[in-house]
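Residue-level structure breakdown
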Amino acid sequence: MKKVIGFLRSMKFGMILLVLVIACSVAGSLIVQQGEAMDYVRRYGADAAQLIMALGLDDVFSAPYFIVLMAALCLNLTLCSIVRLSRTIRAAAALRGQAHRASALEPLEEEQAKKLCAFFEKRHYRCEEKDGDRVYTKNMAGFYGSFLTHLSFLLILIIGAAAVMTADVRDQVVMPGETLTLEDGTMITVERFQIEDETGTLDYASVLTAASADGKRQKQQEIRVNEPLSFNGYKIYQQTYGTAGAVRIANLTNGIEEDMLLTESCFLTLDGRNGMFFQALYPGYVQAEDGSVMLVTSTSGAYEDPVYDVLSVSGGVTTPVLAFPDETLTIGDVSFTLLDPVSYPGLRIKHMHTEILGMLYATFVLIVAALYLCFFMVPVAVKVTESGYAVLSPKTQTGLMIELEALLKEEA
Amino acid sequence: MEILFFASVVAYFAATMFQSVGAMMGKTKLTRAARGIFTAAFAAQTVFTIWRGIVAGRVPLANQFEFASGFAWSAAIIGIVLYAKLRQEWIMTVSMPVAFLVLSYAAFQPMEIKELMPALRSTWFVLHIGSATFSYASFAIAGGLGAYYLMQLKKGHSEDETRMRQTDYMTYRLISLGFLLLTVVILSGAIWAEQAWSRWWSWDPKETWALITWILYAIYLHQRMRMKWQGKRMAWFAVIAVFCVLFTFAGVNKLLPGLHSYAV
Ligand code: HEM
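Thresholds applied
- Position numbers for residues start from 1 in each chain and track the written sequence from start to end.
- Here every chain gets a letter starting at A, and every ligand a number starting at 1, in the order they are written.
- Per-residue local features of the predicted model are confined to residues with pLDDT of at least 70, and side-chain atom pairs are confined, for both listing and counting, to 80 or more; whole-chain, interface and lining totals are unaffected and use all residues.
- Note that water and hydrogens are dropped before the side-chain values are worked out from all heavy atoms of the structure.
- Note: domain ranges come from an automatic or database domain assignment.
- DSSP bridges decide pairing: two strands pair if at least two such bridges lie between them.
- Only DSSP runs of H or I covering at least 4 residues are called helices, and only runs of E covering at least 2 are called strands; the numbering of each starts at the N terminus.
- Angles here are taken between N-to-C directions and fall from 0 to 180 degrees, while the axes themselves are lines fitted to C-alpha atoms, restricted in helices to the stretch in contact.
- A helix is expected to span 1.5 Å for every residue after the first.
- Each residue gets one of three labels from its accessible area relative to the maximum for its type: buried under 20%, exposed over 50%, partly exposed in between, using a 1.4 Å probe on protein chains only.
- What the arc describes is the spread of directions from the helix axis to the C-beta atoms.

**Quick notes on the domain arrangement of chain A**
- Assigned domains within chain A: domain 1 (2-27 + 62-162 + 364-411), domain 2 (31-61), domain 3 (166-242 + 347-357) and domain 4 (243-340).
- On a C-alpha basis, the centroid separation for the pair domain 1 of chain A and domain 4 of chain A is 73 Å.

**Thoughts on the sheet that holds strand β13 (residues 275-282) of chain A**
Residue and element names in this part refer to chain A.
- Taken in spatial order, the four strands of this open sheet run β12-β13-β16-β17, and their pairing is antiparallel. Either end of the sheet is taken by a strand with one partner, and the two such strands are β12 (266-269) and β17 (317-323). When the angles between neighbouring strand axes are averaged without regard to direction, this sheet yields 25°.
- Judged from the four bridges that link them, β12 and β13 form a sheet pairing that is antiparallel. In the strand pairing of β13, C266 is matched with F278.

**Topic: helix α6 (residues 110-122) of chain A**
All names here are of chain A.
- Compared with the 18 Å implied by 1.5 Å per residue over 13 residues, the 19 Å span of α6 between its first and last C-alpha is a close match.
- Residues Q112, A113, L116, C117, F119 and F120 constitute the buried set of α6. In a view along the axis of α6, the buried residues occupy a sector of 160°, so they form one face of it. Those residues of α6 that are exposed and angled more than 90 degrees off the buried face are K114 and K122.
- One or two positions beyond α6, positive phi appears at H124, with a value near 60°.

**So, the sheet that holds strand β7 (residues 202-211) of chain A**
Residues and elements named next belong to chain A.
- The strand order across the open sheet formed by four strands is β5-β6-β7-β8, and the pairing between neighbours is antiparallel. Pairing within the sheet leaves two strands with one partner each, and these edge strands are β5 (179-181) and β8 (218-223). Ignoring which end each strand starts from, the neighbouring axes of this sheet average 20° apart.
- In this structure, β5 lies alongside strand β6 (residues 187-196), joined through three bridges in antiparallel fashion. In the sheet register, T179 faces β6, and the bridge partner there is T189.

In structure tokens, the structure reads:
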């Protein structure tokens, strides 16, 4: 049992796990993830596809073995850190005393010893004198660098997973002018949405107004792909966008008019027989030299010359029509006036616990600070007597040793 | 102004040649000339980069050309600063070819100045890409030092014990710096992705390869610390790991497009 725990907390096991994470990551980046079975057969052939599916390589990062791997890494790091913490504290406390007691000294001339002391003082080492010997120390906080690195890495994994699992995410299309009411009564209104700015540059931006349930707090903000709106613990992203057709329907017998958005194909009719069948909206068209028209089927920008593809259904006769905005089709007693299309945003509404978010950011800062401690604050204690010196550190002090050698050589 | 860019490519090349010949034949005049040319080339590249930033109205790190140019610039400044501190020829012997090779790669990328796409307009962008250029440059020079170490061993120059120790140690220091910066790259990237796409991590190929690189160097650091691996083995490690950095930097964009495909 002791042996098993010893292995589970060993660095050897940790390194094996890290190599396995690398192997999974390489596979997950080279093999298309979350594809359809047929897609794998087409790409890699039937046998390879079967193997990929059997090994879960089509979705490596959600596969049970990957989750187990990450859990094992967390366990290994936790055990290793717990064991090492007390050792680290003891080592940090002991270093100065060890330096005072050090007896294996590199020989020094008296002048060299003075030079050495001046060197350490110039570098702001802390000096402690005992029985005429001096011990210079620096960067004692560096002892905790690797412990804090591991701790923060562990916390990033755990808090990161908690942040993802506790976030409440929903995607919603909201038309300009529409208001969306969220669970706690917070209201989000899309005031405007634009695909291009005034200069014609692509600028997918929505103007949103958010209001608390009681209406006391309000915030208006333009959001775009990088600039979500934060309000009441919600973050509202502009995730996608779309363009819908619009039509004004007028009943010619009673004069009643109504505007409608056309987001999918539909049959607009009063009597169930005659009416307009909306099929699709195209962003534009190109006219060839022979006069024939080719419809543009997709665009990433605004709809430049929108074309409605509709069917006029009247008295059992169906006639295909390509119509432009402002054109009116009169079918029986109803007129259908096609309007300018409306672009709208697809919003992602995410609710996160601010405490978890705060902790996650704190661990980000902690790991960077901890790595700084590891690499740039290496603890060192140097004993200097009139006739010799000794350098003690938990790490090899190549840089310092070479500097000292150069300094002493110069003196000689 | 593009002429300044091409002039710096040529000057980095000339500096590399002078330095290599000078270092090989022990001619200090040549290596001094190499340093002069290198510093001038670096100044020219700096002026070009500032000009490009002003014309584009943003930090010039938005596409593969600008990123590669930033990478080379970072390698040059790391070399210059380390040389100023340590006064060791081998630092220049390694940094000069790194800066030259990376800038040559940049020269083959499309150079036109493009409007920054909305997803890239973020304050995290500067931190993310800026630290990536320095991180990659640190790893690349560390790899170069590893190769230099192995060459010295092969040539039988290992009797200069101080130099060998110093080269080995500097490889480790640069990898430490690169590792710290790569951590910043990954974390700022996660924050940025959350802002732009509402997801911290998507296992997008570029993210995945940055993580692979990060873990690889974490293994390097552990092997060095605990196993007390040093010298030849670590030099080989540093050299091999650079291929992973290069794949993350350029290979992923060409071979595994994903969310980061705008970086092509
Ligand atoms: C990806 C995850 C990990 C990262 C980023 C990481 C990072 C580090 C860093 C930066 C150091 C200091 C190295 C130096 O100063 O040169 C270190 C040391 C160390 N790490 Fe890790 N580590 C990770 C995983 C692990 C694992 C899984 C173990 C297994 C037990 C482990 C055990 C150790 C030990 C024992 C030390 C030496 C500490 C000392 O002597 O003070 N690490 N680690």
